[in-house]
Amino acid sequence: MAILEIKDVGKRFGGLQALGNVNLNVEENTVHAIIGPNGAGKSTLLNCLVGKLIPDTGSVMFDGQSVLGRKPFEINQMGISRVFQTPEIFGDLTVMENMLIPCFAKRDGAFRMHAIESIADEKDIVGKAEKMLEDMNLIDKRTMQSSSMSRGDKRRLEIAMCLAQDPRLLLLDEPTAGMARADTNNTIDLLKQIKDERDITIAIIEHDMHVVFSLADRITVLAQGTPLVEDTPDKIKGHPKVREAYLGESQDAA
Amino acid sequence: MDAILLQILNGLDKGSAYALIALGLTLIFGTLGVVNFAHGALFMIGAFCAVTFSKMLSFSHIVVDETKKDFLGNPLKVEVPYIHDLFGVTTGDAIIDWAVPLSILFTIPVMIGIGFIMERGLIKHFYHRPHADQILVTFGLAIVLQEVIKYFYGANPIPTPAPAAFAGSFDFGAMLGFEANNIIYPYWRLVYFAFAAVIIGAVFAFLQFTTFGMVVRAGMADRETVGLLGIDIDKRFTIMFGIAAAVAGLAGVMYAPINSPNYHMGMDFLVLSFVVVVVGGMGSLPGAVLAGFLLGILESFASMAVVLEFIPGINQIIIYLVAIIILLTRPRGLMGRKGVMED
Amino acid sequence: MEFRFPVDTAFAHLCRTAGEESAGVFTIREEFMSFSNPTRRGLIKTGAIASASIALPTYLRADGHTGFTNAPQGDTVTLGFNVPQSGPYADEGADELRAFELAVEHLNGEGDGGMMQTFSSKALDGTGILGKKVQFVTGDTQTKSDAARASAKSMIEKDGAVMISGGSSSGVAVAVQALCQEAGIIFMAGLTHSNDTTGKDKRANGFRHFFNSYMSGAALAPILANEYGADRKAYHLTADYNWGYTTEEAVRSSTEALGWETVNAVKTPLTATDFSAYIAPVIQSGADVLVLNHYGGNMVNSLTNAVQFGLRGQTVNGKKFEIVVPLYSELMARGAGANIKGIIGSQNWDWSLEDKLGARYTGTNAFVQSFGTKYGFPPSQAAHTCYVQTLLYADAVTRAGSFNPCAVVEALAGFEFDGLGNGPTLYRADDHQCFKDVLVVKGKENPENQYDLVEIVEVTPAEQVTYAPDHPQFSGGSLGTCNPGA
Amino acid sequence: MFGLNKKDGGLLLIVAFLALAAPFILNPFPEGSAMAQFNAGYPDLMQRLVIFGIFAIGFNILFGLTGYLSFGHAAFLGVGSYAAIWMMKLLTMNVIPAIVVSIAIAGLFSLLVGWISLRRSGIYFSILTLAFAQMSYALAYSVLTPITGGETGLQPKYNDPRILDAALEPGQSPRANLFGLDMKASSELEIGNWIFTFNTGYYIAAIVMLLSFYLSIRIFRSPFGMMLRAVKSNQQRMNYTGLNTRPYTLAAFVISGMYAGLAGGLLVAMDTQVGAERMFWTASGEVVLMTILGGAGTLIGPVLGAGFIKYMENIVSKINKSVLEQWFAFMPDGIEDIMITLIYPFVGKGWHLTLGLLFMLVVIFLPGGLVEGGQRIGKAFSRKKASDDTTDATKTPAE
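Residues numbered from 1 in each chain as written. Chains lettered and ligands numbered in written order. Predicted model: local features only at pLDDT ≥ 70, side-chain atom pairs only at ≥ 80, totals over all residues. Heavy atoms only, no water.

Novice: Just to check I follow, could you spell out the overall build of chain A for this structure?
Specialist: For chain A, the count of helices and strands is 9 helices and 10 strands. A compact globule built from 254 residues should have a C-alpha radius of gyration of about 18 Å, and chain A, at 19 Å, falls within 12% of that. The burial tally for chain A puts 52% of its 254 residues in the buried class. Surface exposure of chain A reaches about 11,000 Å², of which carbon and sulfur atoms provide 47%. (Helix = DSSP H or I, 4+ residues; strand = E, 2+ residues; numbered from the N terminus. Rg over C-alpha atoms; globule rule 2.2 N^0.38 Å. Buried < 20%, exposed > 50% of the residue type's maximum accessible area, 1.4 Å probe, protein only. Areas by Shrake-Rupley, 256 points an atom, 1.4 Å probe, with all protein chains shown as cover.)

Novice: Honestly, the confidence of the model for chain C in this entry has me stumped. Any pointers?
Specialist: Residue and element names in this part refer to chain C. Model confidence for chain C is summarised by a mean pLDDT of 84, while 86% of its residues fall at 70 or above. Low pLDDT, under 50, characterises residues 1-64; the predicted model gives this stretch 99 contacts beyond four residues in sequence or across chains. Confidence estimates for the predicted assembly give a pTM of 0.90 and an ipTM of 0.88. (pLDDT = per-residue confidence, 0-100. Contact = heavy atoms within 4.5 Å.)

Novice: I'm lost on the pattern of salt bridges in this one. Help?
Specialist: Any two side chains of opposite charge can pair, given that their charged atoms come close. A complete count under the given rule lists 54 salt bridges over all chains for this structure. Residue A:Arg107 pairs with A:Glu122 through a salt bridge whose shortest N-O separation is 2.9 Å. Of this pair, A:Arg107 sits in helix H3 (residues 95-108) while A:Glu122 sits in the loop between H3 and helix H4 (123-135); the two residues are 15 residues apart in sequence, bridging distant segments of the chain. Look at A:Arg107 and you get partly exposed, because its relative accessible area is 35%. Where C:Arg428 meets C:Asp431, a salt bridge forms, and the shortest distance between an N and an O atom there is 2.8 Å. The network of salt bridges with shared partners includes C:Arg149, C:Lys153, C:Glu182, D:Asp44, D:Arg48, D:Lys184 and D:Asp271. (Salt bridge = Lys/Arg side-chain N within 4 Å of Asp/Glu carboxyl O.)

Novice: Looking at this model, I keep getting lost on the nonpolar core. Mind explaining?
Specialist: Grouped together as the largest cluster of nonpolar side chains are 410 residues, with contacts concentrated most on B:Val275, C:Leu290, C:Leu392, C:Tyr393 and D:Phe213. Broken down by element, the residue count for this core peaks at 16 residues, all from helix H11 (residues 245-270) of chain D. (Core = buried A, V, L, I, M, F, W, Y, C linked by side-chain atoms within 4.5 Å.)

Novice: Help me understand the state of the cysteines, please; the structure alone is not making it clear to me.
Specialist: Note on terminology: disulfide describes a covalent bond linking the sulfur atoms of two cysteines. All names here are of chain C. Following the criterion strictly, the structure yields 1 disulfide over all chains and no others. A disulfide bridge connects Cys-406 with Cys-482, and the sulfur atoms are separated by 1.9 Å. Sign of the S-S torsion, about 100 degrees for the bond between Cys-406 and Cys-482, identifies this disulfide as right-handed. Taken together, the residues span a long stretch of sequence, with Cys-406 in helix H14 (residues 405-412) and Cys-482 in the segment after helix H15 (462-465) at a distance of 76 residues. The exposure class assigned to Cys-482 is partly exposed, which follows from its relative accessible area of 22%. (Disulfide = S-S within 2.5 Å.)

Novice: What is the right way to read the interface of chain C and chain D from this model?
Specialist: For an interface, size is often stated in terms of accessible area lost upon the parts coming together. Contact with chain C, which involves 62 residues of that partner, is made by 62 residues of chain D. Together, the buried faces of chain C and chain D total about 5,200 Å²; carbon and sulfur atoms form 47% of this surface. By the criterion of area lost to chain D, the three top residues of chain C are C:Asp146, C:Lys158 and C:Glu182, representing 13% of everything that side buries. Counting every contact that joins chain C to chain D gives 7 salt bridges. For C:Lys153, the salt bridge is made with D:Asp44, and the minimal N-O distance between the two is 3.4 Å. At the boundary of chain C and chain D, one finds 26 residue pairs in polar contact (both at pLDDT 80 or more). (Buried area = accessible area lost by both parts, 1.4 Å probe. Polar contact = N/O pair within 3.5 Å; in protein donor to acceptor, adjacent residues only side chain to side chain.)

Novice: Hey, could you run me through the pairing of strand E8 (residues 261-268) of chain C in this one?
Specialist: Side chains on a regular strand alternate between the two faces of the sheet. All names here are of chain C. Bridging between strand E7 (residues 233-239) and E8 involves 7 bridges; their strand directions are parallel. Pairing of Leu-237 across the sheet is with Val-266, part of E8. For the handedness criterion, the β-α-β arrangement of E7, helix H7 (residues 242-257) and E8 is classed as right-handed. (Pairing = 2+ DSSP bridges. Right-handed = clockwise from strand over helix to strand, strands pointing away.)

Novice: Looking at this structure, how should I read the interface of chain B and chain D?
Specialist: Contacts between chain B and chain D engage 43 residues on the former and 37 residues on the latter. On inspection of chain B and its partner chain D, the count reaches 0 salt bridges. Summed over the shared surface of chain B and chain D, the result is 7 residue pairs in polar contact (both at pLDDT 80 or more). Secondary structure elements with two or more residues in the side of chain B that touches chain D: helix H5 (131-153), helix H11 (265-280) and helix H14 (314-329) of chain B. Of the residues forming the side of chain B that touches chain D, the biggest block, 14 residues, is contributed by H5(B). A per-class count over the side of chain B that touches chain D returns 31 nonpolar, 5 polar and 7 charged. (Nonpolar A, V, L, I, M, F, W, Y, C, P; charged D, E, K, R; others polar.)

Novice: Even after reading the chapter, I still don't get the packing of helix H3 (residues 43-66) of chain D against helix H4 (residues 73-90) of chain D, so can you show me in this structure?
Specialist: All names here are of chain D. Where H3 contacts H4, the axes come no closer than 11 Å and their chain directions differ by 135 degrees. Accordingly, the angle class assigned to the pair H3 and H4 is oblique. Judged by the twist between their axes, the crossing of H3 over H4 is right-handed. For the pair formed by H3 and H4, the contact residues are Phe-55, Phe-59 and Leu-62 on the first element and His-73, Ala-74 and Leu-77 on the second. The class makeup of the residues in the contact of H3 with H4 is 5 nonpolar, 1 polar and no charged. (Axes fitted to C-alpha atoms, helices over the stretch in contact; angles between N-to-C directions. Parallel < 35°, antiparallel > 145°, perpendicular 65-115°, else oblique. Left-handed = near helix turned anticlockwise from the far one by under 90°.)

Below, the structure is given as C-alpha cells:
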C-alpha cells in the first residue's frame, strides 16, 4: 500500500515550471530514492511534501490524508520527519537536549505548556532519549554543545532526532552532500541499519549514485520537473532515458 | 486642496530629515550589518558642528563700554569678534551670518573623522557580536556623546539662525495660482529639501556609478564572497561608515536653523529613524528614502485640525500605526530583502 | 560591647508604646507607622525584636519620637533640593540649584544675606533655621514623575530631609507633592504652572509660590486686548498634556471674556520637534493671533517655526498677525534667539523688575546682586521662586518655632509678606497658592546685553489675577489636613 | 530543594539571603561617614531594586530564552501600574487585588500585542513592540488623560470611592497595605553608627521577587524552557520536529508581560503613584540594558543588571559638588580642586555619562554581562586552587 501518494503536482515560480505533473507513490516500508540532475525539481518536490511550499496543482496524500495547506509542524505530527542537506540541529543546546525535544514533540504534540515540571522528572522521555543516543553512539557526547560536534556527528544526531519521533516516513534531503567518502560510507551504513531494524519508510533525494544504489528499493528519476522513469535500482542502472538525462553531457563530451 | 498641498510640502521637508538619517542608518546596517544606535547622536553632532563653527567665527575679545551698564550696574563688557578686526564689521557680520552653510565645509571632515574613529575604534570589534551587543554598545556611545555635548554646551537649545537671505518665507501658493497667503513656505526649508535631494542623489550616484560603490553594493549583498575575491572590503566599509556619518552630520548641520540644536535632539530622532528604516525595509536604501518621505507626509496629514477633530490623538501615534500596518502586510517593510535581520 | 544586657530588658522596653520618649537600652524607631489596629503593631514589633536581639550590641540615641517625620537631630537640618539635572530642563534645574545654594548660604549667615535684608518678616537671623545649620542634598528629577519621586524618597528616607523643594514641571510637582503629603514632609514647589498643582491636586503639605495658568490668562487678556484690540481671532496650539490644557483653558476663557474669538485649538504632541505641520495652516484659518501654549523645547521650536513661516510679517483681517506665549522663561527666550522679539507673554518675576518699576518690588535687586556676584549672570524666574520658597520655609519654621510640618503649614497658610521681589504677597490658606502681581512681558527688540531679553509691558496687580478658591478651573480637589508623618 | 537541583537550589538560597539581608548588605558604611553616600539600604531604593529585578527576570524569559528582543515591555509595566492604581482608587488600598489585577491586565494586553507582533521576527518584531509601547505612552500622556491622569499621573486621593475600605479619618492619606500591614511601616535598628532600616513593603516585594525568581528557575529547567531555547537556536528545526513555535513564543511573551505587570503593580503598591513616562521607550530600553548588562539568558544576570542600573541612577546622581568637597576635604587645596574637577563631570548631573561609559566597558570587555565577569573572577580563583572542575558549571548553556 502506498503511504505517500503524489498526484499531478505542479509548481511554477514566475516563468519557470519547476514541477509539472509529478505522479509518484512511495510504498510503505521501502526506501524510495528520487534522483535527477541539478534543477530537476527534487528540492521543490520535497518542499511541497513538508509544507514549506504549496503546489499550484495536484494533491499530496500521506496515509490517506492530504498534507497540502498544512504547516510543517502539522505535517511532522502526521508522521513525516525531514533530514536536511546541511544538518539542522539546535546548535546552542546540548546533544541530550537536542534529543529530548523530538521526544517531547512526539509525546506532547505541537504545543504543551509544561513550564513548571522539571525535565529531570520526565523519566520516560529522558530514558528514551538516552536509549536513542546509545543506539546512535552519541551517548558519550551527551553534555556537549551540539554546534561543536563534527559534521558527521551532527548528521547522526539529526537522523537520531528524526528517528526519535518514530516517523512513518523519513525524508532525507541529500544526506551525504559535501561529505568526505568515509563519512558518506558511515552514513550509508547507518541508514542501512535503520532500514533493517525499523519499520520505516524512507524517501531519499540524492545526487550520489553510490548512496542511492546501496540503499534504494525503488528509484524515481526526475528531469525538468517531471518523473522520467520509476523502477528498481537494477533496471534504472541500464535505462537509456536515465543515461540520457543524467549523463547526457558527459556522453557528449566523450 | 491648498491645505493638502501645504501638508505635502511640510511632509516632504520633515521627510527629508527622516530620509537622510535613515539613509545613513541603513547604509551602515546594509554594509556592516551593525545596528547603530549612535546614529542619532551623529545627527546631533552635525547640528553642533554648525553651533561650534558659528561660535568659532564669533570668537571674541572683550572691550569695556563705559557708556552702557550690565545687569549689576557695572560697566558693560562688550564682546567684539576677532573676525570684525580681520575683515571689518560688515564683512565680518556677513560671514557670521552665513555660518550655517559655511559650516558644511567644517562638518564634512569632522564627521568623516568621527566616523572613522568610531568604526576603527569600536564598531569593527562588533561585526560578529549579536545585534543586542551592538545595540547596547552604540547606545552607550550615544549617551556618552550627548553627555559630552551637554557638558560643553548645556541643555538649553542654542539658536542657530539661517543666513538672513533665507530667513523669510515666500508665498508658494500665489506662484501656483492659489489665493494669496494660503501656502506660505520658508526659504530655508526649501533649501533643506533641495540639499537633502542632492545628498540622497549623490549617495545613490556614488553607489551606482563608481567601482567603489559597486563593490560596496556587492558587499551588501554578500560580504563573504566579495571578501573571497581578494578585495579589501573592510577598508571600504570603514570609508562607508565615514560617509554615513557625514550624511547624518550634514542632515544635522542644515537642520540647525529649523530647530535650535540641543543635546538630546539625536535621541528624539533615533526611534523615528529606526521606524523609518524598518518600514522601508532593513538594508534597502531606496526603501529608507521612500519610507522617510511617506512617514513625513503622513505625519503632516495627521496633524491637520480637521483630521484631529475626527480622531483625537492620531497625530501622536500615526507613525507607529502606519509602521504596524505596513509590517503586518509587508513582512520585510516596503522594499526589504528576504533574510536580512530576521534572526 | 554590651552583651550583658538581658534580652528581656530589651523586650520590656520595646513593648512600650511607640510614641513614648525613652532612654532605654536600645531604641527601635518606627517610621510611617500604620494607623491600623494595635495588635498588628505588636506583630511587627515582635518581628523587629527577633532581628534586633540577634544584634544586641547597640547603643542608645535619645531622639526617639518627636511626632513628625525626619525631625532634625543635632545641630543641623537637611533640606532636599530635587531639580532636573538631566533631560531637556537640565539648565533650568541648574539655575534652581544655584538659587538653593545661595539661599542656604544666606540662611547660614554667609554671603550678603540677599533678600533676607528686604524680607518683611525679620525672623531669620543668619544662624541657620532655629539655630540649626542648614545642609542640603540634591537629586535628579529627570523631569519624570517616577524618577522625581524616587529621588525625593531617597532624600526623605536616606538623608532625613525635612523639606523638599524644586522641580520644573507640573507632572513632577504633583507627584512629589502627593509623596510629601504621605510622608509628612513639607513640599515647597519650584517651577510649576499648571492649575492642578494648587487645584485638583492640591495637598495640605504642599505650597506653591509660582503663579499659574489662570493667573497668566487673567493677566494677559486685558493687556492683549489693549495692545492688539478686542476683536481678535485666536488660534491655539496646545501641548497635549495637563499643563497645556489648563493654560489653553485659562487663556481662552479670559480672552474670550474680553471679546476675542477662538478660531481653533489644536493639540500638539509633547514629543514633537517640528511644528511646521501645525503652524502652516494657521494663516488659512483666518486667525490673526497665534497662542502657543507650549513650554521648554516645544515652545522654542514652535516659536522658531512660526517665525520661519513668516507669520509675524502677515496682515490678516487688516491687522498685524501676532504671536502670544502665555508662559515665558528667560532660558526659553535665549533658546528662541531673535525669534522672541516683540512676543508677549507672562512671567512670575524678572530680574529687572525693581529697576524698572521701583520699590514696590524691593528685594529683586538684593537678590540679583548676590546671585549675579556669585555666578556672573542674572537669575531666572525659576531660580527666584526656588530661592524665595527656601526663605519662606525657613521663616515659617522660625516663626512657628518648630520643624513640625503642621506648625509650618499653620505659619505659612494665610501668611502675608513683602520684600521678596514680587511686592506684597499672600500665601492663601485655602489652596496654598501665592497671590501676587503678574508680569506681562515682551521680547526685547534691541537687547543691551545677552541677559537683557525681555521688557516689561505691564504688571497686572494681584487683585486682578485672584480667583475664588472654588473657581471651576481649580475644582475637584481638597487640601485635606496637614500630615506630620510618623 | 523545592524540586530544584543542587546548584539551582544553592543559587536560590544565595539570592534569598541577599534579598533578606539587603538592609545590612546595602548599608555597609556608618551614618555620617563620607562613604555613607554610597549606602543604598533605604526602603525606596531597596524596593526598586527588587521590583526592577522582577521586571528584568520576566524580560529575560522572553529575550534570554527565545531571543526575541522586545522594545516595548515598559508598556506592560505601565498598564499594570494603571490597573493597580485604579483598583486602589475604586476598590481598596489592600495591595492584593491591585497586584492580581495588574498581572491580569498586563497579561491580556501582552496577549494582544504579542499575538500581533510575533507574526514577525528579528528587528521587525522589535519595532512592532516598540510601536505599540510608544502608542501606549503617547495616548496615556495625552488623549487618555481622563483615565491615566496624563502628565500629572494618578495618585490615590482622600475622596476616592474605595468601596471595600472603611472611610478614612479626616487628615489621613490613603495608604497601601496588606490586610492592614502598612507598606511604609519601617523599623530601624541602630548598631554603633550604623542604622539599618527594615521596611514592610520591601520585605513583601522581596518575597514576591524570590517567588518570581523561583518560578523563573523552574521555567528555565522545564521542558517549556528548553523549547524556548530551541526557538532561539533553530526555528526551522523546531517546525520540522512537529513543534508549533508561535504558541511557545506567545506564551513566553505573555509570561514576561505578566512579570512586567507584576512589577508595575508592585511599584504602585510600594509607591502609590503612576506617571506615563513609565512607558516611554527609554524605560523599555532600560530593561533591555539591565538584562544584557547582567547577562541575558542567565538566571541571576537580570537581577544583577537591574540592581546595577537602579543603584547608579539613585546613588551616583545624588553626588553633588559639596559632597565631593566633603570627600576630598582632607587633601591639600590644589589637589582637592583637581580631584573635584576630574570627578565632577561623572557624578551628579553627569551620572548619565558614567552610565554610558559603563555600558560600553561592560559590553566590550564582558560580552556575557556581569555574570561573565563574576565567572571570570571565579575562574581566576579556582585556577589558583589548581582545580579545573568548574568549567562545567560555567559552561552549562541553561545558566
